[in-house]
Amino acid sequence: MRTNLTCEACERELSAYLHGALHPAVAGALESHVDACRRCRLTLAAYRAIAERLAELPEISAPAWLESRVVGAVSVRPRLRRIWSGGLAAAAALSFAGTIGLIAWLPRIAHDWGLPDPTLWPVAVLRASLDGIIAFAKRLALDVTFYEPIARQIWASIRALEALPRAALLTLRTPEVGGAVAIGLTLGVALFFALRPSRTHQGGIGHACLSL
Amino acid sequence: METEERDLIRRCLTRDERAYRELIRRYQTAVVNLAWRMTGNVEDAAEVSQETFIRVLRSLSTYDPERPFRTWLFKIASNLALDLLRRRKRRPIAIEDLGDEEGPGFEPVDPGPGPDEGLRIDRADARFEGLVRELPESYQAILFLRYKQEFSYEEIAETLGIPLGTVKVRLHRAHETLRRKLLARGTT
């Protein structure tokens, strides 16, 4: 006796039936239909045979180099990154410490070596540069009087600008401001590198700066 | 997920090279074969497998341990295989091309659990293999996951990123196509 399941509907469900993926009620209806329908019974038998052969399909093996290549690729990058990060951290810490030390000890070094006050160095450099330019123009036998108005204007601009580095250096030389700037810079750099996304924070520049 | 596998993944997260190797050894055959079924070419399968494991090991920290690892792994592999196919716009290979497929470094492995079986690809097996390879790559991937990896329909759907109904329909069509072709050739 056939159920009200059509052969087309039955066929659509046969592979799911083979895999046990049907609701028990549907599976029951399908079994009833298959019992009564020779065509669907043959199709189910064919599907079973195909399933058995599919389960026995040959496989290829992985290439012998796969393991070493993958491990090499995933291991080298973090190691290089650690070395690079460590080197960069050391260089940054050294240069930062050197800069702070230079600012703090520059006036004493200048005094010991008989050099002028460091706050006057930028002015001296600018003056020397301008003198050099004028001397060069004279050597070329150019009409300096023609360029004099321009030279005066440049000189006036330099005089206006020279106040800026002088004021900055004088401010830094006061222990309170210099200390605050050094601490602020250190913390800023340390926080930047400590908070940046990284799998391993250890050995980063932030740690090196904080350890200073 | 079994405890052993969970422990292996935890060790991989600590960048333990031995754990990397163990994980690769455990899944390499399955990944290579899934990629082979999808790309139809052993060199492409090797390339996809290499990229899959590199990606998996580099992004292991994003893996959710509550979900099955192999589903996540195969999903990455199938996406990479599909990307490669899109880039190359490759069509499935024909039966005539079979036989020249296996390049250096690839050898067939034991297909089944039978004690005396070993590797035995006779003419009928080769013909059947050829019929399977005539199916679209997406069908072959489903058949591989179902019959070689014993994935459930839900796992197949998640791995390939397709609806459950599509898995069911494609499995039915794959069986029906194979049945018709076998009938046409006078074999079952």
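Note: the structure precedes this text.
The present account deals with the structure reproduced in this document. (Residues numbered from 1 in each chain as written. Chains lettered and ligands numbered in written order. Predicted model: local features only at pLDDT ≥ 70, side-chain atom pairs only at ≥ 80, totals over all residues.)

Structural notes on the overall build of chain A
Next up, step 1: Regarding its fold elements, chain A presents eight helices and one strand.
Next up, step 2: For chain A, the succession of helices and strands along the chain, N to C, is α-α-α-β-α-α-α-α-α.
Next up, step 3: Counting only residues that meet the buried cut, chain A has 12% of its 212 residues in that class.
Next up, step 4: If you take every contact in chain A between residues at least 6 apart in sequence, the share linking residues at least 24 apart comes to 60%. (Helix = DSSP H or I, 4+ residues; strand = E, 2+ residues; numbered from the N terminus. Buried ≥ 20, exposed ≤ 12 C-beta atoms within 10 Å, placed from the backbone. Contact = placed C-beta atoms within 7 Å.)

With respect to helix α2 (residues 24–36) of chain A
All names here are of chain A.
Next up, step 1: When the terminal C-alpha atoms of α2 are compared, their 19 Å separation across 13 residues agrees well with the 18 Å that a helix rising 1.5 Å per residue should span.
Next up, step 2: Of all the residues in α2, the buried ones are Leu-30, His-33 and Val-34. Within α2, the buried residues cover an arc of 100 degrees as seen down the axis, which keeps them to one side. Facing away from the buried side of α2 by over 90 degrees, the exposed positions are Pro-24, Ala-25, Gly-28 and Asp-35.
Next up, step 3: In the core, the buried residues of α2 are packed alongside α1 (7–18) and α3 (38–55). (Expected span 1.5 Å × (residues − 1). Arc of directions from axis to C-beta.)

Quick word on the packing of helix α2 (residues 17–39) of chain B against helix α6 (residues 137–148) of chain B
All names here are of chain B.
Next up, step 1: Across the interface, α2 lies against α6 with an axial gap of 7 Å and an inter-helix angle of 150 degrees. Classified by the angle between their axes, α2 and α6 sit roughly antiparallel to one another. In this structure, the crossing between α2 and α6 has a hand that is right-handed. Touching Asn-33, Leu-34, Arg-37 and Met-38 of α2 are Glu-137, Gln-140, Ala-141, Phe-144 and Lys-148, all from α6.
Next up, step 2: The class makeup of the residues in the contact of α2 with α6 is four nonpolar, two polar and three charged. (Axes fitted to C-alpha atoms, helices over the stretch in contact; angles between N-to-C directions. Parallel < 35°, antiparallel > 145°, perpendicular 65-115°, else oblique. Left-handed = near helix turned anticlockwise from the far one by under 90°. Nonpolar A, V, L, I, M, F, W, Y, C, P; charged D, E, K, R; others polar.)

A look at the interface of chain B and chain A
When the parts come together, some accessible area is lost, and that loss is often what is quoted as the size of the interface.
Next up, step 1: In this complex, chain B contributes 43 residues to the contact, which on the side of chain A involves 31 residues.
Next up, step 2: Of all elements in the fold, only α2, α3 (42–58), β1 (108–109), α5 (123–134), α6 and α8 (164–184) of chain B reach the threshold of two or more residues within the side of chain B that touches chain A.
Next up, step 3: Broken down by element, the side of chain B that touches chain A gets its largest block of residues, ten residues, from α2(B).
Next up, step 4: Of the residues that constitute the side of chain B that touches chain A, the class distribution is 22 nonpolar, ten polar and eleven charged.

Here's the deal with the nonpolar core
Residues and elements named next belong to chain B.
Next up, step 1: The biggest cluster of nonpolar side chains holds 56 residues, and the ones touching the most others in it are Val-31, Val-32, Leu-34, Ala-35, Leu-73, Ala-77 and Ile-142.
Next up, step 2: The element best represented in this core is α2, accounting for eleven residues.
Next up, step 3: Residues contacting Leu-73, with those up to four places away along its chain left out, are Tyr-27, Val-31 and Val-56. (Core = buried A, V, L, I, M, F, W, Y, C linked by C-beta atoms within 7 Å.)

Focus: the packing of α2(B) against α3(B)
Residue and element names in this part refer to chain B.
Next up, step 1: Two elements in contact, α2 and α3, have axes whose closest approach is 8 Å; the angle formed by their N-to-C orientations is 140 degrees. Comparing the axis directions of α2 and α3 gives the class oblique. The way α2 lies across α3 gives a crossing that is right-handed. From α2, Tyr-20, Ile-24, Gln-28, Val-31, Val-32, Ala-35, Trp-36 and Thr-39 reach across to α3, where they touch Val-42, Asp-44, Ala-45, Ala-46, Val-48, Ser-49, Thr-52, Phe-53 and Leu-57.
Next up, step 2: Broken down by class, the residue content of the contact of α2 with α3 amounts to twelve nonpolar, four polar and one charged.

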